[in-house]
Structures are given as C-alpha cells and as structure tokens.
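# Structural features, examined
Listed below, chain by chain, are the residues.
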Protein chains: 2
Amino acid sequence: MDTGMDIRNIGLRGVVVASTNIGDVDGSVGRLVYRGYLIKDLAGKASFEEVVHLLLNEILPDRDQLRAFSAQLAAERTVPPELIAALKTRPKNALPMDVLQACVSMLAHHDPEADDPSREASHRKAIRLVAKLATVVAAWERIRNGQEPLDPDPNLSHAANFLYMMKGEVPDDDIAGFFDAALVMHAEHGFNASTFAAREIASTRAHMYAAVAGAVGSLSGELHGGANTRVMEMLIEIGSPDRVESYVKEQFDQGQRIMGLGHAVYKVDDPRALILAPMSKVVGERFGDTKWYEMSALLEKIAKEEFKKRKGRDIFTNVDFYSASLYYMMGIPMDQYTPIFAIARVAGWTTHIIEEQFAEAAPKPMLYRPESDYVGEYCGPEVCEFVALDDR
Amino acid sequence: MDTGMDIRNIGLRGVVVASTNIGDVDGSVGRLVYRGYLIKDLAGKASFEEVVHLLLNEILPDRDQLRAFSAQLAAERTVPPELIAALKTRPKNALPMDVLQACVSMLAHHDPEADDPSREASHRKAIRLVAKLATVVAAWERIRNGQEPLDPDPNLSHAANFLYMMKGEVPDDDIAGFFDAALVMHAEHGFNASTFAAREIASTRAHMYAAVAGAVGSLSGELHGGANTRVMEMLIEIGSPDRVESYVKEQFDQGQRIMGLGHAVYKVDDPRALILAPMSKVVGERFGDTKWYEMSALLEKIAKEEFKKRKGRDIFTNVDFYSASLYYMMGIPMDQYTPIFAIARVAGWTTHIIEEQFAEAAPKPMLYRPESDYVGEYCGPEVCEFVALDDR
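The notes below deal with the structure included here. (Residues numbered from 1 in each chain as written. Chains lettered and ligands numbered in written order. Predicted model: local features only at pLDDT ≥ 70, side-chain atom pairs only at ≥ 80, totals over all residues. Heavy atoms only, no water.)

### Observations regarding the interface of chain B and chain A
- Facing 108 residues of chain B, the contacting portion of chain A comprises 108 residues.
- Summed over both partners, the interface of chain B with chain A buries about 9700 Å², with 61% contributed by carbon and sulfur atoms.
- Among the salt bridges present, the one from B:Glu222 reaches A:Arg205, with a minimum N-O distance of 2.7 Å.
- Viewed at the interface, chain A and chain B are joined by 50 residue pairs in polar contact (both at pLDDT 80 or more).
- The element that contributes the greatest number of residues to the side of chain B that touches chain A is helix 5 (residues 96-110) of chain B, accounting for nine residues.
- Split by residue class, the side of chain B that touches chain A holds 54 nonpolar, 29 polar and 25 charged.
- One ladder, built from four bridges, connects strand 1 (residues 16-20) of chain A with strand 5 (residues 371-374) of chain B; its direction is parallel. Directly across from A:Val16, in strand 5 of chain B, lies its bridge partner B:Glu371. (Contact = heavy atoms within 4.5 Å. Buried area = accessible area lost by both parts, 1.4 Å probe. Salt bridge = Lys/Arg side-chain N within 4 Å of Asp/Glu carboxyl O. Polar contact = N/O pair within 3.5 Å; in protein donor to acceptor, adjacent residues only side chain to side chain. Helix = DSSP H or I, 4+ residues; strand = E, 2+ residues; numbered from the N terminus. Nonpolar A, V, L, I, M, F, W, Y, C, P; charged D, E, K, R; others polar. Pairing = 2+ DSSP bridges.)

### Details of the sheet that holds strand 2 (residues 23-26) of chain B
All names here are of chain B.
- Here we have three strands laid out as an open sheet, ordered 2-3-4, and antiparallel in their pairing. Sheet topology places strand 2 and strand 4 (37-38) at the edges, where each strand pairs with a single neighbour.
- Inspection of the sheet shows strand 2 paired to strand 3 (residues 31-34) by four bridges, in the antiparallel sense. When the bridges of strand 3 are listed, Asp 24 appears paired with Val 33.

### Looking at helix 9 (residues 193-202) of chain B
- Of all ten residues in helix 9 of chain B, ten are buried, a share of seventy percent or more.
- Listed in full, the buried residues belonging to helix 9 of chain B are B:Ala193, B:Ser194, B:Thr195, B:Phe196, B:Ala197, B:Ala198, B:Arg199, B:Glu200, B:Ile201 and B:Ala202.
- As for helix 9 of chain B, its buried residues are in contact with helix 9 (193-202) and helix 10 (208-219) of chain A together with strand 1 (16-20), helix 10 (208-219) and helix 16 (337-358) of chain B. (Buried < 20%, exposed > 50% of the residue type's maximum accessible area, 1.4 Å probe, protein only.)

Structure (structure tokens):
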C-alpha cells in the first residue's frame, strides 16, 4: 500500500508533467500564446489556416507558404464514401460528440498511414484530421436531418466551407470572419484536459487517430468543451434579462456553479472571453437581435458581483461564455457547439501529439503511468483470504 | 513561463494522483490485488464473471448472486443490428483496435442512458460494455473474413462464448478455463496508462463510453496492450530456439528493447507472468506443440542473463510475454491479442470510471489539468511581434 498521497496532486493542478514549445497559458496575468504569439494578435488577424500552419510548422506562413498549405488542407477535406455510409447507419438522436468520436476512429480505418510511426506521416495525419473533422461534423448535421451531406468547396476558406457544408449556404465575409476568429481562439490551450488525454494516449505509442478520439471524449465533458452547450441551455432557461438576477442568486444559494464562469487556470480575465464578448455584440447587432449578448453581459456583471460578495474573491467568464451566444446567432444547433470546439482544437491536439512523439528537448516524454493510494481495507490491513464459490 | 519542471514528474512515475479502493499494484514485491484479493487466488479459481462482480460490486458473489449477475451479463451480449451494419462498411484491413475504438463510441449511440449521469445508469453501462465488447471483437473477426457474425450463446460462460463467437466452435472446458484465467489476469491493474486515460476523460464528466473509447486508444500502443501482439511477432521473427541467443544479443547491441520484458511498475516478477508461463506450457502440450512455450522460456532465460551482465540489474517478463504464445496456440489471430486484452480490462476501466465519478473518499477526484513548462523561445524571452500576412 502506498502512503504517498499528496493532496496537491489532486487533478494534477500545478504539477508540471512535460516541457512544451507549442503554447503557454499564464493564468495569473491572462496571457495565452501560440508559438510565442499572443492570442489577441492572432484572433481576427490571422486566419485559421495561418494558425494551423503556425502550430504545426512553427512559423506564420508567408503568402506562398499559405497558398500551398491551404490547398493541401482543402484537398484533404473529403471523406471516404464508406464513412458516409457508416454515418447513415447511426441513430439520428446520437449525440454529435459521440458520433464525432466514432468518426475519428473510423478515419483511421481508411488511412493507410494510420499506424506509420514516422514524423512525416504524423504531420500528414495531422493535416488530414484538421481538414476532415469539419467535414464529418457538417455531414452528421445534414444526415441526422435527413439531408445528403454536401461536398466541400475547395475555393472557400476552412471556416466558410464548414458553415457552407453545415447550413447549405455560403456565409458572407463578416460571418465567416467571426467564425474563423472563433476557430483560432479554440485551436490551442496548453495542457488542458483533452490535450493531456491526447498526449497521454500517444505516450503509449498509440497512433494519432487513437489519441485524437480520446481527446474528443475528454472534450465532451461539461467541465471542459461541453460547457459551451450548457451556457446556451442556461441562457434559454433564464429566458429574459429580468430573470438573470434571481437565477444567479438561486444558483449560488444552492451551491451550484454557473456555466461559463471560472476556469481551472485563469485567475484573471480569459483573454479569449475579452475578444469574444464584443464579437457576440456585433453579430447580434448584425442580425438585429442583441438579446443573447445583453443577457450574457448582464449575467456576467451580476454573477461577478454576487460571487465577490459571497466568496470575497473574483470570478471571470471563460471562452465558453460568449461563444455560446455567438454560435446561437449564427444559427448553429446547440449540441454542435462542442463539436465546433473540437474541429478547432484538433489543431492543438495533433501538434501536441507530434511533440509527445518526437520531442527533442530534454527531459523526453515517457509513458504516463501515475501511482494511486490504495485505501481499500476489505479484510483489515492484510489481503483477503480467498474462499471458493462453493464455500461462500 | 513556468519554471517548475521537475524531472521526477516525467511520465508521472511515482506521482500519486488519486485514492482508490479498487486494486493495488505493489511493484516492489510483485503483488497485485483486486479489492483485497491476490491475483494468484483469483486466476483459475474464480471465473471472469465472479471477478467482474468483485470489481463492480466490491464482493465475490455467492452462488445466487453469481447466477443473477451472469444472466444479466449474458442478456447484454447482443449488439444492435445497426452496429453490425456499420461494421460491414469498414475496410477489411482496418486494425482491430481501431475498429474496437469506433465500436465503443458507436455503442453509445444506441444506449438511451449514454449521457445519464446517475450511479445506477453508470453501473448498467459498465455491465453493457463488459458484455458487448467481446461480441464486437468476435463480430469484426468474422466480418473481416467475409463471414456472418454469430449470435452469442447465453448458455456459455463469457470466456467460452467469446471463443465460440470468434471461431465458430465451442471450446472444451480446459481451453475455456485457460482463456477465462487470462481474462481474469487482464481485468484490472491500478492506474496503468489506459485506466488513467479513462479516469482522465471521465474527470471532465464525459460519459462512460467516451472514456472507455479513450482507454481503448491508450491500450493500443505498443508500450501498453499492443505489446502482446509484438511479442508474438518477435517469436515468429526469431523462428527457432537456436536463434534466440543471437536475437537477444543483437537487440541489446542495438540498444533495442525486447518486447514483453520489463514493466513500468514491477521491479520483481510480474505475478501474472508467473501464472501464464505454466499455462502456456500446458496448452502447448495439449496441442502437441510446445515450441512457442520453449522459445519463450529460453528467451526469458537468456535475456535475463544478458541484461544482468550488461546493465548489472535484473529484468522480468511481464503479462504480455507468455499470453502471446498462449493465444497463438489457441488459434487466435495475432492482431486480436490486444482487443482480447481490452475485453478483459474493460472491467477495470468501467470500475475506475465509476470510482472517479462517485468517489466518496476524500480527497475527491477533480478534472485532471496538469501544467507544462513552456520552453518555446521563438522571439527571445518576450512574446513575438505579430506581422500581418501582407508584410511577411
């Protein structure tokens, strides 16, 4: 029996498990960088394709590099017809994250390089996964609604093409731009739970699809990516601005959390929330319906005040808080918000998997195999005496 | 930038991440217990059904309890026809672990309780997963060989029924018994990489199928469950006992590991290897072909001596070393060894997920969210200055 339980290790908070040169989250000052660049310099200024290039190739591309890279991504958007056939066997009420997880595993079945451990193959698989996950999410949206999936349009950006494949019409540049910025803000976030799951799985030398499928599973939880759907459900449940205050007090009275508030890492404003809030406002104005933005802003204000009053400390909105109303106004079904998070974060997952597989820096990663503190005492301090079935 | 990198955290070796009362692995003395019972008292003495009951319900069942529990498991063995239809869309050369991972996610699509967070629903999902994973693995074996899957036979034990569904004939009691013991020995092993992945995913409040799919991914890696397939590939590559010595020396000369030797936790004999080795011998004698057992035993002997000579310390065989030849002699295809590991370990995964979800002991688990040490210095110690695309 181990006796080394250290309460500080619970949830691995503050436990440094690896070196990385992909990104940095400094929760104490609200700083998020991808390969050295601040998120506020990237979101809305560099496209999702540029950011995927930055993550995977470690530099922001110039025009020629971006043209070639975008073409490579666009060429990988199609998925095999057998995968569409498999999707058509799925019950229409299946949860989109569960469908996405199955599809990640199924994409491996069609990739002759699935099990190729070389760095070059891993890089190609990363591009395939980033390109195809968007197609899969859009295809399921149409199939579950009894529609045929649409072929990707290689002339559209990744963001615009996804909205086109999902909704059947090409978005205008403004909407595509906001959606692109949302993808950029969700692309990478250090050793969050899903990325850590991906690295943990890759550490056994499992291949990239196996690891990304695990990450999709981790993201689906409501304490992680699942929160954006819950935020919108909450806003709809509240219904109108005049009910915000009573809702907040009721939740806190019952010791319940408010979805979209608080973060495992940020102790100040989440820099992504600061960018998303004005985007949600602008998109609301654009569609002539700022109700959801206003409710969100009011909820933020009241919840912060109430939290401060009760707990004596501050709480801040996180990335899920304003992305919910943004996606809602774009007409995206609520249970697709977390899959949309996934089609962005897959850029970070695959980059981290490659780092886990091929890290050159010391100390090198190794298979994650923690210890536990055995507290079972079924038969006293000694092991139990086995009694055969007939004598039980 | 964090500066807290502690080399001792690499791979989380020795880092205690949670309390558990499911099982204990004491690598220093080679002791493995499930709920207080030594593995040597369980393997071959208690059936897989008894052990699943022990894990999930915390006690070894009496006759009546076992009868009810076995009936419950047997009733859950069938899988929906839509899942078989989906399997038939899969390329025949898909890797069985990749197919299994997709099926775990797809089983969620058919379970109306998939997203039910109650303890009772989790318990039912655990029983479903234990029951159905065996059916899925056997079904894929037949489908990829152009055969129709066989319906499970509720009158057979879990072990015998799996072999029947996979091979089309009911095994005799001896073979079923050895296979049952192998399942028991693979059912649980503390915070190994796949179980940790399952718990990590469940910690976000993702549901049980999402977490088990991640665990399947983690198990597929050759540093984890994938090793048993690699052991058999190695034995076949060596080909005959007279080549064992040169193979061992060659591997060590090249700084290569020998599959099935060494373990992240055991510093003495793996207690499961001590049980599997004589089983491999008896099954070999039974089929009149002890070649693979003898090669394994010789490889173990020479590798241990050679390792001691070169490194000055001991190395031991692990669970994968003798299970490989055992499964081979039972006529199971090599790339199904790891899926067989999975159909046993799913008992441990699901038990751990329930513990993660409903732990009553303090400290309570929380979302796993470790830190990393950011070592990227792309633009010197400061963040990079962003340059727009047109100016790059």
